[in-house]
Amino acid sequence: MNPDYFSYETLRIASESAYWAKLSMLGVWFSGLATFVAVCISLFVAFSRPKPRIRGKVDINIVSQPPFNSHLYGVGVTINNIGANQVRITSLKWRFSKSVRVLYATSQPGDSLPKKLEHGDSANFFFLSDKNGEWLEDMRDWADKAGGRVNKLKVEVSLGTGDVFFIKPTKAVIDFLRPS
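All of the points below concern the structure found in this document. (Residues numbered from 1 in each chain as written. Predicted model: local features only at pLDDT ≥ 70, side-chain atom pairs only at ≥ 80, totals over all residues. Heavy atoms only, no water.)

### Re the nonpolar core
And step 1. One finds Ile 79, Leu 92, Trp 94, Phe 96, Trp 135, Val 157 and Leu 177 to be the most contacted residues of the largest nonpolar core, which totals 31 residues.
And step 2. The set of elements that each furnish at least two residues to this core consists of β1 (54-65), β2 (70-81), β3 (87-95), β6 (122-128), α2 (135-145), β7 (154-159) and α3 (171-177).
And step 3. If we skip the residues at most four places from it in the chain, Trp 135 touches Val 75, Trp 94, Tyr 104, Phe 127, Leu 128, Ser 129, Phe 176 and Leu 177. (Core = buried A, V, L, I, M, F, W, Y, C linked by side-chain atoms within 4.5 Å. Buried < 20%, exposed > 50% of the residue type's maximum accessible area, 1.4 Å probe, protein only. Helix = DSSP H or I, 4+ residues; strand = E, 2+ residues; numbered from the N terminus. Contact = heavy atoms within 4.5 Å.)

Written out as structure tokens, the structure is:
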């Protein structure tokens, strides 16, 4: 046998061995990267929580009470849970500006706070404005203290999870709250 042939075969085997070592190294790097991505995804999924989703409307409401000869007039806040999970409404605040928020108790016949809503449920909160109720006068006073900017008014809905949503009242409510 020729010694050059042995040298050639030895060199070819060493070259093949280096090639397979290189592929093995790339496989280790790929599996390490895939493991890192899997850990990141699992941590993201573990620490993320479903975001609550609500929709609401603030409008003028007239409530007729039995025997249908008495009517209550005021502002109603309707909140719908459009998210997949249950939400718990803890407070409704009237926000005139970043620094002026008014927390006022809801009136009957509306729902009371706190209120739990399942998916697809809704709640109706009522703020009475009659001759005996002080709500309208208090709101007008707070609007004056906030600089009279009633058009910036929003209802701040706070949930038990700490999430806050804002609902803009209709034009009828804004006109209703403006001093006459």
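### Quick word on α2
And step 1. Where α2 is concerned, the buried positions are Trp 135, Leu 136, Met 139, Arg 140 and Ala 143. Angularly, the buried residues of α2 cover 130 degrees about the axis, an arc narrow enough to put them on a single face.
And step 2. Contacts made by the buried residues of α2 are with β2, β3, β4 (101-103), β6 and α3.
And step 3. Remark: Gly 147 follows α2 within two positions and exhibits a positive phi of approximately 95 degrees. (Arc of directions from axis to C-beta.)

### Brief notes about the side chain of Asp 163
And step 1. In this fold, Asp 163 is placed in the loop between β7 and β8 (164-167).
And step 2. Side chain to side chain, Asp 163 and Thr 161 meet in a polar contact 2.6 Å long.
And step 3. In this view, Asp 163 contacts Arg 49, Pro 52, Val 157 and Ser 158; residues no more than four positions away in its chain are not counted. (Polar contact = N/O pair within 3.5 Å; in protein donor to acceptor, adjacent residues only side chain to side chain.)

### Some remarks on unusual backbone geometry
And step 1. Of note, the amide linkage connecting Leu 113 to Pro 114 takes the cis form, showing an omega dihedral of -10 degrees.
And step 2. Within the secondary structure, Pro 114 is located in the loop between β4 and β5 (115-117).

### Some details on a nonpolar patch on the surface
And step 1. Together, Tyr 19, Trp 20, Leu 23, Met 25, Leu 26 and Trp 29 line one region of the surface with nonpolar side chains, adding up to about 720 Å² of accessible area.
And step 2. Following the sequence through the fold, Leu 26 ends up in helix α1 (residues 3-47). (Patch = residues over 30% accessible without salt bridge, like charges linked within 9 Å, V, L, I, M, F, W, Y side chains within 5 Å. Areas by Shrake-Rupley, 256 points an atom, 1.4 Å probe, with all protein chains shown as cover. Salt bridge = Lys/Arg side-chain N within 4 Å of Asp/Glu carboxyl O.)

### What about the pairing of β7?
And step 1. Most of β7 sits inside the fold, with five of its six residues counted as buried.
And step 2. As judged from the six bridges shared by β3 and β7, these two strands associate in the antiparallel manner. Note on β7: the bridge partner recorded for Ile 89 is Leu 159.
And step 3. Note that β7 and β8 share four bridges and pair antiparallel. For Val 157, the partnering residue across the bridge sits in β8 and is Phe 165.
And step 4. In this antiparallel pair of consecutive strands, β7 and β8, the connection spans four residues, and Gly 162 shows a positive phi of 95 degrees. (Pairing = 2+ DSSP bridges.)

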